[in-house]
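# Observations on chain architecture
The residues making up each chain are set out below.
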Amino acid sequence: MGKHVLLVEDEINIIEAIRFLLSREGWQVDTHSDGATALAMIRDMRPDLVVLDYMLPGKSGLDILTELRADPEFTSLPVLMLTARGQSRDREMAEKAGVSRFMTKPFSNTEVMTAVRDLVQLAQ
Amino acid sequence: MASINQLVAVSLGYVAFLFAIAFFAERAAVRGRGGWLRSPLVYTLSLSIYCTAWTFYGAVGYAARSGMEFVTIYLGPSLVMIGWWWALRKLVRIGRVHRATSVADLISARYGKSNLLASVVTVMAVIGVTPYIALQLQSVTLSLSIFSPPETAGSLNQFQAAFWVAFGLAIFTVLFGTRNLNANERHDGVVIAIAVEAVVKLVALLAVGIFVVWGIAGGIGPMMDRIDSSPIGEWNMDRSRWVALTALSAAAFLALPRMFQVMVVENEDERHLQIASWAFPLYLMLMSLFVVPIAVIGLDLLPAGSNPDLFVLTVPLAEGRVGLATLSFLGGFSSATSMVIVATLALSTMVSNHVVMPVWLNARAEGAQVSGDVRDVVILSRRASILMIIGLGYLYYRFSGGGAALAAIGLISFVGVAQFLPAMFGGIFWRGATRWGALAGLLVGFAVWVFCSLLPSFGPGTVLSVATFDGGLWGLGWLRPQALFGIEGIDPTVHAVVWSLTLNITAFVAVSLVTFPDPLERLQGAQFVNVFDHSTQARGWDAALATSEDLMIMSQRILGADEAQRLFRAEANRQGMPGQLPEPTQGFLQHLERELAASVGAATAHAMISQLVGGASVSVQDLMAVADESAQILEYSNQLEAKSAELTQTAGKLREANEKLTALSVQKDAFLSQISHELRTPMTSIRSFSEILRDTEGLGQVEKTKYASIIHGEAIRLTRLLDDLLDLSVLENGQVNLNLETGKLGDVLEQAVMATQAGPSGALTIRRRHVNEGVMLSTDLDRLSQVFINLISNAQKYCDADAPRLDIDVRDGAGRTEVAFHDNGTPIAAEAHALIFEKFARLNDQDGSGAGLGLAICREIMTRLGGDITYHAEAAGNTFVVHLPAQAA
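Before going into details, it helps to say that this report is about the structure given with it. Treat the numbers as computed from the prediction; the structure is a model and nothing was measured. (Residues numbered from 1 in each chain as written. Chains lettered and ligands numbered in written order. Predicted model: local features only at pLDDT ≥ 70, side-chain atom pairs only at ≥ 80, totals over all residues. Heavy atoms only, no water.)

### Details of the overall build of chain B
- Across its full length, chain B holds 33 helices and nine strands.
- Across the 889 residues that make up chain B, the buried fraction comes to 53%.
- Here the contacts in chain B between residues at least 6 apart in sequence split such that 78% fall between residues at least 24 apart.
- If you sum the accessible surface of chain B, you get close to 39200 Å²; carbon and sulfur atoms cover 60% of it. (Helix = DSSP H or I, 4+ residues; strand = E, 2+ residues; numbered from the N terminus. Buried < 20%, exposed > 50% of the residue type's maximum accessible area, 1.4 Å probe, protein only. Contact = heavy atoms within 4.5 Å. Areas by Shrake-Rupley, 256 points an atom, 1.4 Å probe, with all protein chains shown as cover.)

Structure (structure tokens):
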């Protein structure tokens, strides 16, 4: 089965790191940096997993998630959200919007990979 | 001869009897069966406290010494009573309407409720009445000494006896007068007791008189013969003394605190005055009927040198009539006790209301718990005042030597209290009288009295030196206490009366004419002078003309709906009417007027009810009083409005401050959130790549180098961010030290351009026009350079033109040198213009290397340097203009 992830993130170096980690585990990694068009990208690519940054240019990760969950086709798509803003309120908002897993930057690589594996197993 | 012990036992028994009467009278009053207590007869008899031991014993002595002159002491009060319609009626009415509790209260109320005036009157009254109390002590002591000859072993000397008499009287008064406290300061028990004492003293004096005329002289005919042949029959009338003494006793009758107490405060019904107006002169006539016969027989019968003040006792004793002498003793005792009780009660009320309570209330300014404990304080202060006043009387007796004739001492007090008269009656009859006038008159009159009457009474060499007596105060001949202004040869009493009252009235009128009353004073003055026009008791309402509905509507407007309804419902209940509205009876209208008066003032309340009832027209005086009240209310409401405006302003300021704080707090949260993001982002890369380097085996050299340089770059980015943050913080806090130097603008620009070329500069072309770069600057050149570097490197990073270009142009803008940085990149979106210089306003950050603090720092620096930085969007490109500080140009 294809392990296809879409990474929506605007920080080049972070994209680089996550791409490295996921490709090593056999994932097909696509990346996208623009919030405004991210939703169309997800619909288009239909990945198995979305890694979504909270703060994106154009449209915030939270808004993207909210719209995504409004679409019945994507209610159970695993979404791992990352944020660099250290506020507990953000976590609450994301959980309300239906995030699958929420992590604060900086993360440990093991942590991210464990979360990714968990999410995919859960989805299957 | 009756022993002293028997006499003391009789006195104590008599006191116990008075107590019982007082007790039962008060109980009857409480149970509402005390109507008889307040009959005109009791009122008339209570007025007889005017007749003290001085009158009882002293009148005979006076007659023995000065013939018929003693009559003046009765004549004055009789004239006042007979002419009650003109003066007394008004005094009683005012006292009742304004609920005056004492002379001090009345005077203070008239002059704008001035407590200063009240306390001055109080002090004067205490001092003025002190000789009078001493007089009572002296007479009781003297009368006791008759029964206990000094040679008897174990007898007390006169001062010891006087002390015990004083002590007994004090206890008696405390027990009698301060057992309870009434709002109206009335004492039913005391009044009935002094009425009984009035009867006892009259009966005693009449008994002695009858015994003397019929028992000793043998009838009226022989008595008249003996009078004709005695020296008393040959008296010469000193006109000035007669006029002065009659006027004086009339004045004292009106102004004595104890007379005010029984005449005004204890008055139940004004109609009693009408009966007392003939009954009291009759009483006085009976009291004086046998004075001359007793004096004549005493002079005949007793050895020369006997004290004529004691003839009332010594004549019966000389005839062996111990029972009659004992009755006579009780008469004198009654006179003394009734006077002391009422006088000290009246004075203690004044002392406690006008001296102790104001001080006490001031001392504990919170004054919130005005309930039980205040009552205790009032009672305590009254009791202490009673002890103090009687103590003063004793001291006066002690230091005046206790030897002077009774009448002389009494006259000193009379002159003292007569000083109240101008302020009292001036205030009642003259609207122009003012507080300062009253105060001036009182103080001047009092000073003259002290100097000409009180101090000389101790005798030369006691308080006033002999030199002062003979040569005048401070050696000034015109300041001799008994020959003021060098006018000699006048009788000392007449001298004191004439000078004290003349100067008193002069000061009162003169100062009143030159000072202006305040509004409250004017209002009170009008109400006092026109008491018969305003007072509610006098003029009833024609009840039939009023409708309850109208009254209700008006009352609701003034008292508020709840309060008015409560008042009307209570009255309806009382009348036994169903529902809310009572009959508008006379009584209810008066009650309502008082309630309204509490809110809007007496005059306004009166005028309002007049309008509704329709019967009475509103007079010009009414309107004047209403206007006075309205002015006061208006002033008060203006003050309230000012206060309220002030409060609104304060509230507005507080709201503003609160909004600012809230905004600051929101800004602070946003800032912290931004900082967190800016710090965590590079740290994420650093952590992730360092873990990759650590955990991944067999990583190629190329990757290793690549990842290590990412870590390195992000570390630098973090450091730069922290530097920027600290720099900004220092700039914002104003802690920055400017390093002033002088240099050429061109050199600073050159330095900045050089600095930006050090790194990978990309394709940016910088074009400078060197025309104006020669301007000399005197500012912090390093900081200025920092601004230039920021602008150039921003252009390097963000200029997205195919051939990125930056034009640096120095120009002269309205006297201040400007440096414009123009690039040919995409203009910043209009909606973002306002945010350009805000912290973390990264508008178009693609490579993420800037933290968004650069322009914020530039603006802070330029502000510190005294210049400015602005942004201008162009058709093609962006322009940042650095305005150099004016003094630097």
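### Description of the sheet that holds strand β9 (residues 877-883) of chain B
Residue and element names in this part refer to chain B.
- The five strands lie next to each other as β4-β6-β7-β9-β8, forming an open sheet whose pairing is mixed. Edge positions in the open sheet fall to β4 (765-769) and β8 (868-874), since each of these has one partner strand only. Ignoring strand direction, the axes of neighbouring strands in this sheet form an average angle of 20°.
- Judged from the eight bridges that link them, strand β6 (residues 805-813) and strand β7 (residues 816-823) form a sheet pairing that is antiparallel. Bridging from a neighbouring strand, R811 pairs with E818 of β7.
- Sitting on the sheet, helix α31 (residues 745-757) touches β4, β6 and β7, and the angle it makes with β4 is about 175°. (Pairing = 2+ DSSP bridges. Axes fitted to C-alpha atoms, helices over the stretch in contact; angles between N-to-C directions.)

### A closer look at empty space enclosed by the protein
All names here are of chain B.
- Counting across every chain of the model gives five cavities of 30 Å³ or more.
- Here the second largest cavity is characterised by a volume of approximately 60 Å³.
- Taken together, twelve residues line the second largest cavity, and the ones lying closest to its centre are R38, Y43, V191, E266 and E268.
- With three residues, the single largest contributor to the lining of the second largest cavity is helix α2 (residues 40-47).
- Along the lines of polarity and charge, the residues of the lining of the second largest cavity split into five nonpolar, four polar and three charged. (1 Å grid on protein atoms, 1.4 Å probe; cavity = no way out; pocket = protein on both sides within 12 Å on 5 of 7 lines; lining within 4 Å. Points joined across faces, edges and corners; volume = space filled by probe spheres on them. Nonpolar A, V, L, I, M, F, W, Y, C, P; charged D, E, K, R; others polar.)

### With respect to the pairing of strand β4 (residues 79-83) of chain A
Residues and elements named next belong to chain A.
- Most of β4 sits inside the fold, with five of its five residues counted as buried.
- By the alternation rule, side chains of β4 split into V79, M81 and T83 and L80 and L82, which are all buried.
- Taken together, the four bridges between strand β3 (residues 49-53) and β4 define a ladder with parallel strand orientation. From the neighbouring strand, V51 faces β4, where its bridge partner is L80.
- Regarding the hand of the β-α-β motif, the stretch spanning β3, helix α3 (residues 61-70) and β4 is right-handed.
- Of the pairings in the sheet, the one linking β4 to strand β5 (residues 101-104) comprises four bridges and is parallel in character. When the bridges of β5 are listed, L80 appears paired with R101.
- One crossover worth recording links β4 to the parallel β5 by way of helix α4 (residues 88-97), and it is right-handed. (Right-handed = clockwise from strand over helix to strand, strands pointing away.)

### Concerning the pairing of β3 of chain A
Residue and element names in this part refer to chain A.
- Counted residue by residue, β3 has five buried out of five residues, so it is predominantly covered.
- Burial along β3 is two-sided: L49, V51 and D53 and V50 and L52, pointing in opposite directions, are all buried.
- As judged from the four bridges shared by strand β1 (residues 4-8) and β3, these two strands associate in the parallel manner. Bridge assignment links L6 to a residue of β3, and that residue is V50.

### Side note on the interface of chain A and chain B
- Taken together, the 20 residues of chain A in the interface contact 21 residues of chain B.
- Summed over both sides, the interface between chain A and chain B buries roughly 2000 Å², with carbon and sulfur atoms accounting for 55% of that surface.
- It is N13, F20 and P106 of chain A in chain A that bury the most area against chain B; as a group they hold 27% of the surface buried on that side.
- Linking chain A with chain B are two salt bridges.
- As a salt-bridge pair, R717 of chain B and E11 of chain A come within 3.2 Å of each other at their nearest N and O atoms.
- One can count ten residue pairs in polar contact (both at pLDDT 80 or more) joining chain A with chain B.
- Mapped by element, the contributors of at least two residues to the side of chain A that touches chain B are α1 (12-24) and α5 (109-123) of chain A.
- No other element matches α1 of chain A, which puts seven residues into the side of chain A that touches chain B.
- Per-class residue counts for the side of chain A that touches chain B are eight nonpolar, seven polar and five charged. (Buried area = accessible area lost by both parts, 1.4 Å probe. Salt bridge = Lys/Arg side-chain N within 4 Å of Asp/Glu carboxyl O. Polar contact = N/O pair within 3.5 Å; in protein donor to acceptor, adjacent residues only side chain to side chain.)

### Structural notes on the packing of aromatic side chains
Residues and elements named next belong to chain B.
- This structure, assessed with the given rule, holds 23 aromatic pairs over all chains.
- Here W430 and F508 contribute two aromatic rings whose centre-to-centre distance is 6.0 Å and whose plane-to-plane angle is 85°, an arrangement assigned as edge-to-face. In this pair, W430 is assigned in the loop between α19 (420-429) and α20 (435-454) and F508 in helix α22 (residues 492-514), connecting sequence segments 78 residues apart.
- Relative accessible area serves as the criterion here: at 28%, W430 is assigned to the partly exposed category.
- In this structure F508 comes out as buried when scored by relative accessible area, which is 4%.
- Taken together, the ring pairs connect Y50, Y132, F253, F280, Y283 and F414 into an aromatic cluster.
- Directly above the ring of Y132 sits R258, whose terminal nitrogen or CZ lies 4.5 Å from the centroid. (Phe/Tyr/Trp six-rings, centres within 6.5 Å; stacked < 30°, edge-to-face > 60°. Lys NZ or Arg CZ within 6 Å of the ring centre and 35° of its normal.)

### Structural notes on a nonpolar patch on the surface
- A cluster of nonpolar residues, F163, W164, F167, I171 and L175 of chain B, forms a patch on the protein surface that exposes about 500 Å² of accessible area.
- Looking at the secondary structure, you find I171 of chain B in helix α8 (residues 158-177). (Patch = residues over 30% accessible without salt bridge, like charges linked within 9 Å, V, L, I, M, F, W, Y side chains within 5 Å.)

### A few points about the pattern of salt bridges
Residue and element names in this part refer to chain B.
- Evaluation of the coordinates by the stated rule reveals 23 salt bridges over all chains.
- The closest approach of N and O atoms between R768 and E750, which form a salt bridge, is 2.5 Å. Taken as a pair, R768 in strand β4 and E750 in helix α31 lie far apart in primary sequence, 18 residues in all.
- Linking D807 and R805 is a salt bridge whose minimum nitrogen-to-oxygen distance equals 3.6 Å.
- Residue class for D807 comes out buried when judged on its relative accessible area of 17%.

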